[in-house]
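# Report on the structure
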Amino acid sequence: MATLQIREALRRAMVEEMRRDDRIFLMGEEVGHYNGAYKVSQGMLEEFGEQRVIDTPISENGFAGLGVGAAMVGLRPIIEFMTWNFSLVAYDQVINSAAKIYQMSGGQYSAPMVFRGPNGTAENLAAQHSTSVDSLYAHFPGLKVVTYCDAADAYGLLKAALRDDGPVCFLESELTYGMKGEVPDEEHIIPLGQAKVRRAGRDLSLITWGKQVFTCEAAAKQLEADGIDVEVVDLRSLRPLDHQTLFASVAKTRRAVVVHEGHLFAGVGAEIVARLQEALFDVLEAPVLRVTSRDVPQPYASNLEKLVNPDAARVVEAVRKSLGR
Amino acid sequence: MDAATQRGPAQAEAQASPHSAVHTQGGLLPLPTQSSLPAITRDELLGLYRQMALIRRVEELAAKAYTQRKILGFCHLYIGQESVAVGAAVATKGDYWMAAYREHGHAMAKGTSARAVMAELYGRRDGASRGLGGSMHIFDREHDFLGGYGIVGAHVPLAAGVAFAAKYRGEGRVALCYFGDGAAHQGAFFEALCLAQLYKLPAVFICENNFYAMGTPLHRQSALADMSLRADGIGMQRDAFEGFDVELVRERVARAADYARAGNGPVMLEIVTYRHRGHSMSDPAKYRPAGELEQYKEESDPLKITLRRLTEDFGVTEAELEALQAGVEAECEDAVAFAEASPIPDPADLYRYTYAPQQTTMGVGEAAPTFTIPALRAQKEG
Ligand SMILES: Cc1ncc(C[n+]2csc(CCOP(=O)(O)OP(=O)(O)O)c2C)c(N)n1
Ligand SMILES: [Mg+2]
């Protein structure tokens, strides 16, 4: 086992895959000479050269589309968005091109590629730099949407994404790039679409993903002191969704709270709640609740930003509400 | 006359051939060779110098506050580029302005107080955007400063829209839009320019070419060195010049604004400039070639250039300059004290500027929902 920062784990996944598959190239803003805006691609230009690690101008719509075209004829692009906020100017290419090309060409063309970059709120970045795009991409058939919380998952899931035959949106987090964790020394691939029970519990299932896993684990610890035993399920993949793990957990605990960073209304949590009640209506003991970002664009001031983001206190409150204690 | 103008066909020709190079009726008029501004006076130049010095000092203090974690998030300093916004303001004080995220200087040049800028950086209630926007999103309606924007290039179409409204209402006002060399690579930028030219909108698009988009030097992001050449492909009038001398900026932006105001259509300007600091407070800017920054600071610092002109050509004395600097210092200290004393935003105002927020139905972590369900349920049970 090696202890790696998440950015190093992501880099290792890309480097290993680029060594074994010369169809893969990395393209995005500041990925090469600057070694990555968040240093994820540090040293990769040096190893792979300018043909495979390619700096772009600030033209997301252009280079996302370029990636799709290259993928259609056999390359395997990694398109890095400096952050997913900026993917919105390339949204059309991801949705109307990457996601749909396989189906609308009757299976003749596909876009095996990875769009990746940090997603969601960081700190005090205000309205335009704090967007969680989970539900925007998870909504569309034809895409996979994958995320991780720790270094081992970051590594194993990105490896799988890079081997996938379709387009994958890979959601990272600026705030956790420096977080360290153990990563197996041997090659390690985590199939897409497998959730992970991070903590087993009896009383209620916290369903979450990304860095909110840590919010839930903190809440679980607080609740433990009061004899409330919650399970924490990290979905890891929003599309495809691991129904098996999700339903098994909630069938056992009979209660659930979904915690995510994106907004509440039409967020991914709404989809999960819908599926839980479809499948488990008769076993649920209480309505499934959601703890999410509050329904405002992210404010700059710290006191308001703290109010907006989900936190352990709000998760604890929701759990207590569900349990009635 | 530049290339775009020479290529413009006569009106008759344009009608005769739908395939001629430029449809603009009668071709593009050339930019005026002189603006409507009177010659600059000693007092006026002294005022421009003071404004530049104020912007620089506000940002130096902001940088200090940032390292003390009193200012958070992204913070992009304008130090080194002050002559652009300050010079441009002379002929356009009453016009509309929009800028990107490096906009503290633009806001102040347009009239926003040092207090309002500093309080915004501090995230306080008295900030220009009430603490909601922060460094990247300073807005000041009173001075028609329509904001700082964070998505590169995305505000350029908004500026076209503002110009559209100005023309629609016959205001005789112009929209000025500032953006960087990097932004001139966004689709939004190209589309906005096409629309502005097509509708002959009263807009001046100002590309502040500081040679870097974050860590990427111009030659690695563009095959073109002069961003104003983009205008040629759109059939738009253009101009390009170095913007270190506030007097020159004053004159050349005024010409462009005069042109647009007269109904001749938009103008694209490239103003060459240079930022002394990193891209943002977190960028150590190691990508510059050795000696480059030092050379720009030595030879092309807007403050130095204007200072020299003031002392050498206008006989401004040491004592006058000391008094000016003391005034700037006092204004900045006051701004910091004001920001420090200003209250943080009221949590009760969280939803105040969001239309139709859709809160949870369960009241978790917030006030109970405002609807009631019992009637229906009672019916069912009964
Ligand atoms: C659409 C989009 N892509 C990427 C970014 C990240 N980003 C912020 S500023 C910047 C560089 C912009 O350079 P330029 O336009 O030259 O302006 P300058 O910073 O030099 O003033 C980049 C890449 C962004 N904010 N928006
Ligand atoms: Mg620039």
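See the structure shown above.
Attention in this report is confined to the structure presented alongside it. (Residues numbered from 1 in each chain as written. Chains lettered and ligands numbered in written order. Predicted model: local features only at pLDDT ≥ 70, side-chain atom pairs only at ≥ 80, totals over all residues. Heavy atoms only, no water.)

All names here are of chain B. Protein coordination at the magnesium ion (ligand 2) comes from D181 (OD), N210 (OD1) and Y212 (O), with a distance range of 2.1 Å. Here the donor residues of the magnesium ion (ligand 2) are spaced in sequence according to D-x28-N-x1-Y. Of this pair, D181 sits in the loop between β3 (175–180) and α8 (187–198) while N210 sits in the loop between β4 (203–209) and β5 (212–213), and the two are 29 residues apart along the sequence. Both residues of the pair, D181 and N210, count as buried. (Donors = N, O, S within 2.8 Å, 3.2 Å for Na, K, Ca; no water. Helix = DSSP H or I, 4+ residues; strand = E, 2+ residues; numbered from the N terminus. Buried < 20%, exposed > 50% of the residue type's maximum accessible area, 1.4 Å probe, protein only.)

Here we come to the interface of chain A and chain B. Taken together, the 41 residues of chain A in the interface contact 47 residues of chain B. Between chain A and chain B, a total of about 3,600 Å² is buried, with carbon and sulfur atoms accounting for 63% of that surface. Of all residues in chain A, A:I58, A:Q128 and A:Y300 bury the most surface against chain B, accounting for 19% of the area lost on that side. The interface formed by chain A and chain B holds one salt bridge in total. In this structure, B:R220 engages A:D55 in a salt bridge whose closest nitrogen and oxygen atoms are separated by 2.9 Å. Summed over the shared surface of chain A and chain B, the result is 14 residue pairs in polar contact (both at pLDDT 80 or more). Listed by contribution, the elements that provide at least two residues to the side of chain A that touches chain B are α11 (302–308) and α12 (312–323) of chain A. Considering each element in turn, the side of chain A that touches chain B owes the most residues, five residues, to α11(A). Split by residue class, the side of chain A that touches chain B holds 22 nonpolar, nine polar and 10 charged. (Contact = heavy atoms within 4.5 Å. Buried area = accessible area lost by both parts, 1.4 Å probe. Salt bridge = Lys/Arg side-chain N within 4 Å of Asp/Glu carboxyl O. Polar contact = N/O pair within 3.5 Å; in protein donor to acceptor, adjacent residues only side chain to side chain. Nonpolar A, V, L, I, M, F, W, Y, C, P; charged D, E, K, R; others polar.)

Now for the pairing of strand β1 (residues 96–99) of chain B. Residues and elements named next belong to chain B. Side chains of β1 alternate between two faces, with Y96 and M98 and W97 and A99 buried alike. Note that β1 and strand β2 (residues 145–148) share two bridges and pair parallel. Looking at β2, one finds that W97 is bridged to F145. (Pairing = 2+ DSSP bridges.)

Two aromatic rings, taken as a pair, are described by how far apart their centres are and by the angle between their planes. Scanning all chains against the criterion turns up 20 aromatic pairs over all chains. Judged by centre distance (5.9 Å) and plane angle (50°), the rings of A:Y34 and B:Y287 are tilted. Within this pair, whereas A:Y34 is found in the loop between β2 (24–28) and α2 (44–48), its partner B:Y287 is found in the loop between β8 (267–272) and α11 (292–299), the two belonging to separate chains. Overall, the relative accessible area of 19% leaves B:Y287 in the buried class. Members of the aromatic cluster, joined through ring pairs, are A:Y34, B:F211, B:Y212, B:F244, B:Y274, B:Y287 and B:Y296. One residue, A:K39, lies across the ring of A:Y34, its end atom 4.0 Å from the ring centre. In this structure, B:R173 packs its charged tip against the face of B:Y96, placed 4.0 Å from the ring centre. (Phe/Tyr/Trp six-rings, centres within 6.5 Å; stacked < 30°, edge-to-face > 60°. Lys NZ or Arg CZ within 6 Å of the ring centre and 35° of its normal.)

The environment of ligand 1 is made up of 21 residues, and the closest members are A:E60, B:Y101, B:R102, B:G150 and B:G182. More than a single chain frames ligand 1: its nearby residues are located in chains A and B. At 2.8 Å, a backbone N or O of B:G150 approaches a nitrogen atom of ligand 1. Looking at the shell around ligand 1, its residues break down into 10 nonpolar, seven polar and four charged. (Near = heavy atom within 4 Å.)

All names here are of chain B. Applying the stated criterion across every chain, the model contains 47 salt bridges over all chains. With a closest N to O distance of 2.4 Å, E247 and R309 form a salt bridge. Here R309 lies in helix α12 (residues 302–313) and E247 lies in helix α10 (residues 246–261), a separation of 62 residues in the sequence. Residue R309 is classed as partly exposed on the basis of its relative accessible area of 27%.

So, on to the nonpolar core. Note on soluble globular proteins: their nonpolar side chains tend to be buried together. Counting 68 residues, the largest nonpolar core has B:W97, B:M118, B:L176, B:V253 and B:L269 as its most contacted members. It is helix α3 (residues 42–67) of chain B that contributes the most residues to this core, 14 residues altogether. Core analysis: the next-biggest nonpolar cluster, separate from the first, contains 46 residues, A:A98, A:V145, A:L235 and A:V288 among them. (Core = buried A, V, L, I, M, F, W, Y, C linked by side-chain atoms within 4.5 Å.)

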